[in-house]
Amino acid sequence: MRFKIADEEFGEIAKELFDEHKHKLNLMVDPSRVLFLRSEKKKKNAYAYCKVIRGEYEFLTNKRFFIVIVSENFDALTTDKERKYVILHELKHLYYDDEKGTYALLKHSLQDFHQLLVNPSWNLELITE
Ligand SMILES: [Zn+2]
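Residues numbered from 1 in each chain as written. Predicted model: local features only at pLDDT ≥ 70, side-chain atom pairs only at ≥ 80, totals over all residues. Heavy atoms only, no water.

A.B. asks: Sorry, what's going on with the overall build of the chain here?
C.D. replies: Looking only at helices and strands, the chain features 5 helices and 6 strands. Going from the N terminus to the C terminus, the chain shows its helices and strands as β-α-β-β-β-α-α-β-β-α-α. Residues classed as buried in the chain amount to 40% of the 129 residues present. Here the contacts in the chain between residues at least 6 apart in sequence split such that 68% fall between residues at least 24 apart. (Helix = DSSP H or I, 4+ residues; strand = E, 2+ residues; numbered from the N terminus. Buried < 20%, exposed > 50% of the residue type's maximum accessible area, 1.4 Å probe, protein only. Contact = heavy atoms within 4.5 Å.)

Below, the structure written as structure tokens:
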């Protein structure tokens, strides 16, 4: 199996990061709407990636996004700070339109990500996936 559910590993830390940074970073989606997975599949240059849960699959769960941790790259990170930034970066991708009730992913536009860009320089590497 290439994917494993990793809610237990990442759910709590994502919730902490969300509560701490939601206003400053304008985070829109509570991590309770995210299903965390770990992937054993190799994916060059990505520590993690996210996807919207679409169509008929929406009926299976109240989750609306996957955040997939790429084990090979993520586990090579050496500090908690780096791991937190990866999760924060993925949370920043998640977009919810209150009025329409629609979910989407934000791209790496400087406008959307400028709040993250003011943070430590290594974070620049994360946005050039
Ligand atoms: Zn990204």
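So much for the structure itself; the text now carries on.
A.B. asks: Any chance you could explain the packing of helix α1 (residues 7–21) against helix α3 (residues 80–93) here in plain terms?
C.D. replies: Two quantities define a packed helix pair, namely the angle between the axes and the distance from one axis to the other. Two numbers describe how α1 lies on α3: the axes approach to 10 Å, and their chain directions differ by 70°. With respect to each other, α1 and α3 are oriented roughly perpendicular. The handedness of the crossing between α1 and α3 comes out as right-handed. Packed against α1, whose contacting residues are Phe10, Ile13, Ala14, Leu17, Phe18 and His21, the element α3 presents Lys84, Ile87, Leu88 and Leu91 at the interface. By residue class, the composition of the contact of α1 with α3 is 8 nonpolar, 1 polar and 1 charged. (Axes fitted to C-alpha atoms, helices over the stretch in contact; angles between N-to-C directions. Parallel < 35°, antiparallel > 145°, perpendicular 65-115°, else oblique. Left-handed = near helix turned anticlockwise from the far one by under 90°. Nonpolar A, V, L, I, M, F, W, Y, C, P; charged D, E, K, R; others polar.)

A.B. asks: Looking at this structure, how should I read the nonpolar core?
C.D. replies: Side chains of a nonpolar character, in soluble globular proteins, are inclined to be buried together. Core analysis: the largest hydrophobic core is formed by 24 residues, its most contacted members being Phe10, Phe36, Phe65, Ile67, Leu91 and Leu94. Mapped by element, the contributors of at least two residues to this core are α1, β2 (34–39), β3 (48–52), β4 (65–70) and α3. In contact with Phe10, not counting residues within four places along its chain, are Phe36, Arg38, Ile69, Phe74 and Ile87. Core analysis: the next-biggest nonpolar cluster, separate from the first, contains 5 residues, Leu35, Leu37, Val68 and Val70 among them. (Core = buried A, V, L, I, M, F, W, Y, C linked by side-chain atoms within 4.5 Å.)

A.B. asks: What is the right way to read the side chain of Ser39 from this model?
C.D. replies: Mapped onto the fold, Ser39 is located in strand β2. One polar contact links the side chain of Ser39 to the main-chain amide nitrogen of Lys41, over a distance of 3.0 Å. Those residues within four positions of Ser39 in sequence are excluded, and the remaining contacts are Arg2, Phe3, Val68, Ile69, Val70 and Ser71. (Polar contact = N/O pair within 3.5 Å; in protein donor to acceptor, adjacent residues only side chain to side chain.)

A.B. asks: Got a minute to help me understand the pairing of β3 in this structure?
C.D. replies: Counting buried positions along β3 yields 4 of 5 residues, so the element is predominantly enclosed. Sheet analysis places β3 next to β4, joined by 5 bridges and oriented antiparallel. Along β4, the bridge assignment pairs Lys51 with Phe66. (Pairing = 2+ DSSP bridges.)

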